[in-house]
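Listed here are the chains, written in short residue letters.
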Amino acid sequence: MTKQMTITADEARFPLAKLALSPMNPRQNVPAAEVEELAGSIWVSGLIQNLAGIMDDNGGAEIVAGGRRLRALQLLAERHPNLAQDRPDLANPPVRIAPDHETAQAWAVAENAARRDLHPADEIRAYGKMEKSGASPAQIARAFAVTEKSVYRRLALAGLPEAVIDALAANEISLGAAACFTISTDEARSLEVLDQCRSQNWSDYNIKKALKPDAVKDTDRRAKFVGIEAYQAAGGRIGGDLFAEETLLDDPEILATVFADHLAQIAESHKDDGWKWVEVSDEDYLGYWFIEQNGFERIYRKEGELSPEQAERYDALADLADAGALADGDRQELAALKGIAEGDFTEAQRAHSGLIVYVDRDGAVQTCAGLIRKADKAEAIAAGLLAKSQRSADDAPKSPISQKLREDLGRVSLGARQHAALRDPDLLIDLLAFQLSHDLRWSKPLGLSTDLVPTDPSTEAEGYALDPRLTVDQPRDMYGKDLAKSFRAFRQKGAEHIRGELVRFLAAQLGVTKSSKP
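Residues numbered from 1 in each chain as written. Predicted model: local features only at pLDDT ≥ 70, side-chain atom pairs only at ≥ 80, totals over all residues. Heavy atoms only, no water.

1. Focus: the overall build of the protein chain
So, step 1. Helix and strand content of the protein chain: 24 helices and 14 strands.
So, step 2. Expressed as a percentage of contacts within the protein chain between residues at least 6 apart in sequence, the contacts between residues at least 24 apart total 70%.
So, step 3. For the protein chain, the accessible surface area stands at approximately 32300 Å², while carbon and sulfur atoms represent 51% of it. (Helix = DSSP H or I, 4+ residues; strand = E, 2+ residues; numbered from the N terminus. Contact = heavy atoms within 4.5 Å. Areas by Shrake-Rupley, 256 points an atom, 1.4 Å probe, with all protein chains shown as cover.)

2. Details of the environment of V280
So, step 1. Here V280 is to be found in strand β9 (residues 277–280).
So, step 2. The class of V280 is partly exposed, set by a relative accessible area of 42%.
So, step 3. In sequence terms V280 and C368 are 88 residues apart; their C-alpha atoms lie 9.9 Å from each other.
So, step 4. If near-sequence neighbours (up to four positions away) are discounted, V280 is found in contact with L263, A264, A267, I356 and V357. (Buried < 20%, exposed > 50% of the residue type's maximum accessible area, 1.4 Å probe, protein only.)

3. Topic: the packing of helix α9 (residues 162–169) against helix α11 (residues 187–200)
So, step 1. Their axes nearest at 10 Å, the elements α9 and α11 cross at an angle of 20°. One way to sum up the angle between α9 and α11 is to call them roughly parallel. Crossing of α9 over α11 shows left-handed handedness. Judged by residue contacts, A163, V164 and A167 of α9 engage L191, L194 and R198 from α11.
So, step 2. By residue class, the composition of the contact of α9 with α11 is five nonpolar, no polar and one charged. (Axes fitted to C-alpha atoms, helices over the stretch in contact; angles between N-to-C directions. Parallel < 35°, antiparallel > 145°, perpendicular 65-115°, else oblique. Left-handed = near helix turned anticlockwise from the far one by under 90°. Nonpolar A, V, L, I, M, F, W, Y, C, P; charged D, E, K, R; others polar.)

4. Looking at helix α23 (residues 483–491)
So, step 1. All buried positions along α23 are accounted for by S486, F487 and F490. Each buried residue of α23 lies within a common arc of 100° when the element is viewed along its axis, so the set occupies one face. (Arc of directions from axis to C-beta.)

5. What about the packing of helix α1 (residues 32–45) against helix α2 (residues 67–79)?
So, step 1. For the pair α1 and α2, interaxial distance at closest approach is 8 Å and the crossing angle is 75°. In this view, α1 runs roughly perpendicular relative to α2, as classed from their interaxial angle. Contacts between α1 and α2 pair E34, V35, E36, L38, A39, I42 and W43 from the former with R68, R69, R71, A72, L73, L75, L76 and R79 from the latter.

6. Observations regarding the confidence of the model for the protein chain
So, step 1. The predicted model of the protein chain has a mean per-residue pLDDT of 81, with 82% of residues at 70 or higher.
So, step 2. Below pLDDT 50 for its whole length, residues 1–7 participates in three contacts with residues either more than four positions away or in separate chains.
So, step 3. Across residues 512–518 the pLDDT falls below 50, and counting only partners more than four positions away or on other chains, this stretch makes zero contacts in the model. (pLDDT = per-residue confidence, 0-100.)

7. Digging into helix α18 (residues 328–342)
Side chains that are three or four residues apart share a direction in an α-helix, a result of its 3.6 residues per turn.
So, step 1. For α18, spanning 15 residues, the distance from its first C-alpha to its last is 21 Å, which sits close to the expected 21 Å at 1.5 Å a residue.
So, step 2. Considered for burial, the residues of α18 that qualify are L334, L337 and A341. The buried residues of α18 all sit within an arc of 65° when viewed along its axis, so they share a single face. Seen from the open side of α18, the exposed residues pointing more than 90 degrees away from its buried face are D328 and Q332.
So, step 3. Against the buried residues of α18 lie α17 (308–322). (Expected span 1.5 Å × (residues − 1).)

8. Re the side chain of R87
So, step 1. Inspection of the secondary structure puts R87 in the loop between α3 (83–86) and α4 (88–91).
So, step 2. A relative accessible area of 19% places R87 in the buried class.
So, step 3. Ignoring any residue separated from it by four or fewer positions in sequence, one finds R87 in contact with I42, W43 and G46.

9. Some points on the pattern of salt bridges
So, step 1. Under the criterion given, the structure shown has 21 salt bridges.
So, step 2. With a closest N to O distance of 3.3 Å, R87 and D89 form a salt bridge.
So, step 3. Here E172 makes a salt bridge to R198, at a shortest N to O gap of 2.8 Å. In this pair, E172 sits in the loop between α9 and α10 (175–180) while R198 sits in helix α11, placing the two residues 26 residues apart along the sequence.
So, step 4. Several salt bridges share partner residues, and in doing so they unite R125, E162 and D166 into one network. (Salt bridge = Lys/Arg side-chain N within 4 Å of Asp/Glu carboxyl O.)

10. Remarks on the sheet that holds strand β11 (residues 354–359)
Strand pairing in a sheet is mediated by backbone hydrogen bonds. Such pairs are either parallel or antiparallel.
So, step 1. What the four strands build is an open sheet, ordered β9-β11-β12-β10; its pairing is mixed. Edge positions in the sheet fall to β9 and β10 (297–298), since each of these pairs with one other strand and no more.
So, step 2. Bridging between β9 and β11 involves four bridges; their strand directions are parallel. By the bridge assignment for β11, V280 is matched with V357.
So, step 3. Contacts from helix α15 (residues 252–270) reach β9, β11 and β12 (365–372), with the element oriented near 150° to β11. (Pairing = 2+ DSSP bridges.)

11. Focus: the sheet that holds strand β6 (residues 216–217)
So, step 1. With respect to topology, three strands assemble into an open sheet ordered β6-β8-β7, the strand pairing being antiparallel. The two strands at the open ends of the sheet, each matched to only one other strand, are β6 and β7 (238–239).
So, step 2. Relative to strand β8 (residues 248–249), β6 is paired through two bridges, and the arrangement is antiparallel. Across the sheet, residue K217 finds its bridge partner in β8, namely L248.

What follows is the structure, given as structure tokens:
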């Protein structure tokens, strides 16, 4: 067994002017920000750890361990010309002197290799203790040579139950997992969840969900519609993960009540518009299935007609809107022209139909208007708003023709529609361009495939760049939109716009396959 030798070394104080950084010191380059922070710490707390070096030929010393501390002291000397009088301990720091070159080299390597940062749990406790004694975050940052932001993040955890910090110190949970517990003010519940996540290695999401199973995120459509201020005014409490910048609404019952009240107020405001009835819905989308399921018939507003000058102006403003270059005044003008083009429901239509108010996935108020209930269909038919219903299939007499003939007639009917489409090619092309440039979800454009055609190389290719038309403005999301109205607005943009959309999306679908070998 090799006997270990204890190295003895002298210690002496040197004026800063007599100290220089040794070439043996591994920290030859230190960020200025680190030196700045350490200087602040040393000024407040003093030089806690001495420098170490080896004597030079001029009665001074070369520092082999403590290069960052030496730079911080030199910075203080520059800033405080009277440092020798005000802080002689810093102007003449103690230096541990190595007896030989080999020892100095060993010190240079050993100090930097053995250096370890404080464990986060130790930092949390130390910062918390200093804060309780009256130290500000800035003072704590200077004392530990860290940034104030780092201090604030640790102090945010200082109020956690001791058991959570103990688990962090024992590496039973991660720092991210510990941060999750900041959303809870119920210590008993926190300790229950801590016991569970220790053994089950829970994700951050699972920890938060267990701590507050009923909490609602501020990104929820109801929260976005109501607004945080209105929720809090009703007594709702706010929580959240301090580090994920996430706000949680802790009282879902209050949110539901405020949501219902706000929606009811909006519905009430529509009752003066002449509708036969107005209702609200908790759904975030009222589509075709909703209308069918509830037995509604739907009528649409009477379209307006733009003059040639208005239509030309509409196209110009629409192009500016697509380019994101629409001014506020132009935006109002475009909205007015849209209102003319879209038209409105007549008094007779409103008198026989109703409107449902709902909030979509983005928290925006939407309406589904022109709905005629089953009980009101007869009156709507008598008023000329609906066509008479055909006899239902159940009541119809047995067909005198065979199933095969029925199928053949269906094919003939489809062929007739296709033949008619040939007589109006503009309508057919417009429909294809519309379906390509709008994401209809439930349908492929005229039965064509719209699968993604990959065009990005798997490795970087210098100089390779696609035309922006192939990479931006993907098919518009048509979720919850009136397709008929949208198609009419699309056609009003003119032939040049439609052709551009058609070319752009057909080009994106152009795929080249390798020919098979003979």
